[in-house]
Amino acid sequence: MMTTLPERRRRAVITGIGVVAPNGIGTDAWWSATTSGTSGINRISRFDPSRYATQFAGEVDGFDALDYISRRLMMQTDRWTWMGLAAANMAFDDAAFRPDDYDPYSMSVITASSSGGNEFGQVEIQKLWSKGANHVGAYQSIAWFYAATTGQISIQHGIKGASGVVVTEGAGGIDALAHGRRAVFRGIDAVVSGGVEAPIGPYALTCQMATGRLSSVADETAYRPFDERASGYVPGEGGAILLVENLESAIRRGAPTIYGEILGYGATHDGHHPWAPPPDASQLARAIKLALRDARIEPEDLDVVFADGAASRAWDDLEAQALHEALGDHAAAVPVSVPKSMTGRLYAGGASLDVASALLAMRHGVIPPTVHADRPIPGCGLDIVRDVSRSADVRTALVLARGYGGFNSALVLRRISTPDITNDAHLEAR
Amino acid sequence: MRRTAITGVGVVAPGGVTRDAFWAALVAGRSATRRITFFDPSEFRSQIAAECDFDPIAAGLSELEVRRMDRYVQFAVAAAIEAVADSAIELGTEDRERIGVALGSAVGGTTLLESDYVAVSDGGRDWLVDPDLASPHIYQALVPSALASEVSVRFGAQGPSVVVSTGCTSGIDAIGFGHQMIQDGEADVVISGASESGISPISMACFDPIRATSANNDEAESASRPFDLKRDGFVMGEGGAVLVLEELERARARGAHVYCEISGYAGRGNAFHMTGLKPDGLEMSEAIMDAMRQGDLEPADIDYVNAHGSGTRQNDVHETAAIKRALGEHAYRIPVSSIKSMVGHSLGGIGAIEMAACALAIEHGVAPPTANLTHADPQCDLDYTPRVARRLPIDVALSTGSGFGGFQSAMILARDDLRKAA
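Residues numbered from 1 in each chain as written. Chains lettered and ligands numbered in written order. Predicted model: local features only at pLDDT ≥ 70, side-chain atom pairs only at ≥ 80, totals over all residues.

Q: Describe the overall build of chain B, naming the residues involved and giving the relevant values.
A: For chain B, the helix and strand inventory stands at 13 helices and 15 strands. For 422 residues, the compact-globule formula gives about 22 Å, and the C-alpha radius of gyration of chain B, at 20 Å, lands near that figure. Once the C-alpha set of chain B is aligned to its principal axes, its extents read approximately 65 × 55 × 40 Å. Across the 422 residues in chain B, those meeting the buried criterion constitute 68%. (Helix = DSSP H or I, 4+ residues; strand = E, 2+ residues; numbered from the N terminus. Rg over C-alpha atoms; globule rule 2.2 N^0.38 Å. Buried ≥ 20, exposed ≤ 12 C-beta atoms within 10 Å, placed from the backbone.)

Here it is as structure tokens:
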């Protein structure tokens, strides 16, 4: 059955980037580390991990919430929300966008979350069971739930347009941005979007270990996507919050940087099993094909792929198959990278950080590397950018993300060059 | 623009764990709130809730599914089984790639997260927990995308799948998300709704200190009193509902029974406070007016308002103001009611249960009542359909939602034959 594509007079572009990542706080520090192959994966330091099989993770060292928010707000929120508020502030600054200057109903907040305010929740559940019901604090009801970060960003910045929270595990960062684009198509001018995650607490780590997908290797090479020694992934915290704007309003207000356009999106579900790998890569491949079709481009137009990179043989094989199925001969030619090998998997924060990587790769002409993956799985037929970053003219990028339980999402981004935006034709339907 | 029909309804609610039983209980004005039976609530300020007497096996789940699924996921699967059967869609011949899933939940697997935590932390004494004691499916409790995943797997649905978690508006917002997926051509059928099973010690404990829940423990059955002068907070509930959303022309072409269509959906944020509401109802009224505009509707077209009506002092005043601001004088002429008076407030699940109630209200031409409304509040001066259901033709029903985080949502359902074909 044919899909009827929605009418598009408006175009969704990204004009601001805010990053809180294990290998750098702030876009400049993070990008510099990422392009130089500097990993943020270390032995867990926020608690003693000795009794856990997984002891390495991507923690954001040196993150001080008070650099971004008041002590009062800090007490009312989880570390996950601190990072979301910090990254949102950075995105606004980067975009030179002051929410106070605009109609509050013309702006939205749409973020992804996977584990919510899990550490705050652990503290309160601990109090309840060890001390009693009247020891549970007044802020549990607003700090723990998955909507806390969207709600707090909306309140802090006076944003009143339709907001949202999506949960599709690791695919969430893409799904949130795609829903943000949908909001732009429906008339919203600016959307604070993306995701962050803070899953490195004792109980949240225990929950993650139950999947059997985490690496137990006890050094910083634990996460080796597409490598024959792949032993699972390493979890990490942080992510990226981006400012998505309607292109016309971004130009009108004189946005200093238009990083690129959200050109295409495709999402599918394996519909197969609540955790086991699907029998084939057809649904991930279909997500890619849908995104290309939505973007009205051909596989050959892609200059880079940021892969999901689960770092398990079964899942890595499936992803390689999906790329071959969707991109044909171009799959072997296009550079593929997994910079999350330097941060760990950030769940809801991972895909939006990869989108930030894609946008900066376009801007700076450099593809960040996949680290610790110097023994590619035999026969995968992909050009993995290994160890060191690679110079390349990147005009169009594909970002892939999968969520535990069968979610597949793909996003196509395209650089917007100055001639494009000085020509009035950009405002017409493509 | 593609239009969204509702062609199937499934419900698991307190007092009625099937669509028909739920509707019968609503029309009878029967309250399902009671003293909590799931655990000993004695040490909590609020000790009452609306619990579901739910048998997952009777609802069609397998033993295996029951073992691995959290209770809120079971509710959604049960409601989806009923809704898909109601829609008479033959999954065997459908293009599964065109079937999406959009489900909501506010707190997801909290109940399992809490009970497992007690086990792994030695009763809350050990901050560094023992991972060996965790249950094998605990990750699905941490990350509520399991809700959408399980439903996609159950029906082999390979279209886009998503969980929407916007707190207490999750139900409306998830159905709104499904509606937009159909409008935008991402799917032709969406299994959409919401579910919650948050009646657990930590959930009760977290609402106690802010006095959001009712402490009228001695009158459990009548404690949920939306719009009543003596209301003292919401009564926790649980449950879920699932609707089959279907592109309207396709639904008509296959001769489906169309309950109604989604005529408009809008959300706003109050950007004010995580829990507090201003009495003017401004942002909710903006959402209502946006939803009306999408369906080319005037206030006079609205026949019934299914209110959020949580029964907190603040909400009911806020919402009354919002309805009046959006509908003007017409607000006084139509029945408004809150079914939370009977089924409690199931956080992220209730919005979908209320949309199911709206679809059934249009179908049967009956506005369900607000139970327990016996003392008029001068600040709440609309016709809240006290205690007794009312028979009237309902072509257009409005439902509203409001939640922590400042979320305000509105959805309008309308008979699909009101509008000429696009």
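Following the structure, the description resumes.
Q: I'd like a rundown of the sheet that holds strand β7 (residues 236-237) of chain B, residues and numbers included.
A: Sheet strands pair via backbone hydrogen bonds, and the direction of the pair is either parallel or antiparallel. Residue and element names in this part refer to chain B. Read from one edge to the other, the open sheet built from three strands follows the order β2-β3-β7, with strand pairing classed as mixed. Only two strands of the sheet have a single neighbouring strand rather than two, namely β2 (33-35) and β7. The pairing of β2 with strand β3 (residues 48-50) spans three bridges and is classified as antiparallel. Residue Arg 35 lies in a different strand from β3, and its bridge partner there is Ile 48. (Pairing = 2+ DSSP bridges.)

Q: Please give an account of the packing of helix α3 (residues 79-95) of chain A against helix α6 (residues 148-157) of chain A that cites residues and values.
A: Residues and elements named next belong to chain A. Direction vectors running N to C along α3 and α6 enclose 40°, while the axes themselves pass 9 Å from each other. On the basis of the axis angle, α3 is oblique to α6. The handedness of the crossing between α3 and α6 comes out as right-handed. Along its contact with α3, which presents Trp 80, Thr 81, Gly 84, Leu 85 and Ala 88, the element α6 presents Ala 148, Thr 149, Gln 152, Ile 153 and Gln 156. Split by residue class, the contact of α3 with α6 holds five nonpolar, five polar and no charged. (Axes fitted to C-alpha atoms, helices over the stretch in contact; angles between N-to-C directions. Parallel < 35°, antiparallel > 145°, perpendicular 65-115°, else oblique. Left-handed = near helix turned anticlockwise from the far one by under 90°. Contact = placed C-beta atoms within 7 Å. Nonpolar A, V, L, I, M, F, W, Y, C, P; charged D, E, K, R; others polar.)

Q: Let's hear about the environment of B:Gly171: which residues, and what values?
A: Residues and elements named next belong to chain B. Inspection of the secondary structure assignment puts Gly 171 in helix α7 (residues 170-183). Note on Gly 171: 37 C-beta atoms within 10 Å, which makes it buried. Considered as a pair, Gly 171 and Ala 49 are 122 residues apart in the sequence and their alpha carbons are 19 Å apart. The residues contacting Gly 171, other than those within four sequence positions of it, are Gly 104, Ala 194, Gly 348, Gly 349, Ile 350, Gly 351, Ala 352, Ile 353, Glu 354, Met 355 and Gly 401.

Q: Pulling in residues and values, what's your account of the nonpolar core?
A: Counting residues in hydrophobic clusters, the biggest one holds 301 residues, and the most contacted among them are A:Val399, A:Leu411, B:Leu243 and B:Ala359. When near neighbours in sequence (up to four residues on either side) are disregarded, A:Val399 contacts A:Ile174, A:Phe306, A:Ala351, A:Asp354, A:Val355, A:Ala358, A:Leu411 and A:Leu413. (Core = buried A, V, L, I, M, F, W, Y, C linked by C-beta atoms within 7 Å.)

Q: So, the pairing of strand β8 (residues 239-247) of chain B: which residues are in play, and what are the values?
A: All names here are of chain B. In terms of burial, β8 is a largely internal element, nine of the nine residues being buried. Side-chain alternation along β8 places Gly 239, Ala 241, Leu 243, Leu 245 and Glu 247 on one buried face and Gly 240, Val 242, Val 244 and Glu 246 on a second face that is also buried. Examined bridge by bridge, strand β1 (residues 4-12) and β8 share eight bridges and lie antiparallel to one another. Along β8, the bridge assignment pairs Val 9 with Leu 243. The pairing of strand β6 (residues 189-196) with β8 spans eight bridges and is classified as antiparallel. Across the sheet, residue Ser 192 finds its bridge partner in β8, namely Leu 243.

Q: Explain the interface of chain B and chain A to me, and be specific about the residues and the numbers.
A: At the junction of the two partners, chain B supplies 76 residues and chain A supplies 75 residues. The residue inventory of the side of chain B that touches chain A, partitioned by class, reads 38 nonpolar, 21 polar and 17 charged. Where strand β6 (residues 164-167) of chain A meets strand β5 (residues 161-164) of chain B, two bridges bridge the pair, whose relative direction is antiparallel. Across the sheet, the residue bridging to A:Val167 is B:Val163, located in β5(B).

Q: Hey, could you go over the domain arrangement of chain B for me, with residue numbers and the actual values?
A: Residue and element names in this part refer to chain B. Partitioning chain B into structural domains gives domain 1 (4-253) and domain 2 (263-414). Between domain 1 and domain 2, the contact holds 62 residues from the first and 56 residues from the second. Secondary structure elements with two or more residues in the side of domain 1 that touches domain 2: β1, α1 (19-28), β3, α7, β6, β7 and β8. In terms of residues, the side of domain 1 that touches domain 2 owes the most to one element, α7, which gives eight residues. Across the side of domain 1 that touches domain 2, the residue classes tally to 30 nonpolar, 24 polar and eight charged. (Domains from an automatic or database assignment.)

Q: Got a sec to walk through unusual backbone geometry? Specific residues and values, please.
A: Residue and element names in this part refer to chain A. Although it is not a glycine, Glu 169 adopts a positive phi angle of roughly 50°. Positive phi values are uncommon outside glycine, yet Tyr 347 reaches one of about 55°. Locating Tyr 347 in the fold gives a position in the loop between β11 (335-337) and α13 (350-364).

Q: I'd like a rundown of the domain arrangement of chain A, residues and numbers included.
A: Residue and element names in this part refer to chain A. You can read the domains of chain A as domain 1 (12-253) and domain 2 (262-415). Between domain 1 and domain 2, the residue contacts involve 60 residues of the former and 56 residues of the latter. Going through the elements one at a time, β1 (12-21), α1 (27-35), β4 (56-58), α7 (172-185), β7 (190-197) and β8 (238-246) are the ones with two or more residues in the side of domain 1 that touches domain 2. Across the side of domain 1 that touches domain 2, the residue classes break down as 26 nonpolar, 24 polar and 10 charged.

Q: Can you tell me about the packing of helix α10 (residues 282-295) of chain A against helix α11 (residues 313-327) of chain A, naming the residues and giving the values?
A: When two helices pack together, their arrangement is given by the angle between the helix axes and the distance between those axes. All names here are of chain A. The N-to-C vectors of α10 and α11 enclose an angle of 45°; their axes lie 8 Å apart at closest approach. Considered as vectors, α10 and α11 are oriented oblique to each other. Once α10 is placed against α11, the crossing between them reads as right-handed. Here Leu 284, Ala 285, Ile 288 and Lys 289 of α10 lie close against α11, whose contacting residues are Leu 318, Glu 319, Ala 322, Glu 325 and Ala 326. Broken down by class, the residue content of the contact of α10 with α11 amounts to six nonpolar, no polar and three charged.

Q: How would you summarise the pairing of strand β5 (residues 107-112) of chain A if you had to cite specific residues and measurements?
A: All names here are of chain A. Counting buried residues in β5 gives six out of six residues, a clear majority hidden from the surface. Of the two faces of β5, the one holding Met 107, Val 109 and Thr 111 and the one holding Ser 108, Ile 110 and Ala 112 are both buried throughout. Summarising the sheet, β5 and β6 pair through three bridges and their orientation is parallel. Each bridged residue has a counterpart across the sheet, and for Thr 111 the counterpart in β6 is Val 165.

Q: Residues and numbers for the confidence of the model for chain B, please.
A: Confidence in the prediction for chain B averages 97 pLDDT; 99% of positions are at 70 or higher. For this predicted complex, the interface score ipTM comes out at 0.97, alongside a pTM of 0.97. (pLDDT = per-residue confidence, 0-100.)

Q: Describe α6(A), with residues and values.
A: Among the 10 residues in α6(A), eight count as buried, and that is most of the element. Residues of α6(A) that are buried: A:Ala148, A:Thr149, A:Thr150, A:Gly151, A:Gln152, A:Ile153, A:Ser154 and A:His157. The elements touched by buried residues of α6(A) are α3, β5, α5 (140-143), β6 and β7 of chain A together with β9 (260-269) of chain B. Looking at the residues trailing α6(A), positive phi occurs at A:Gly158, about 65°.

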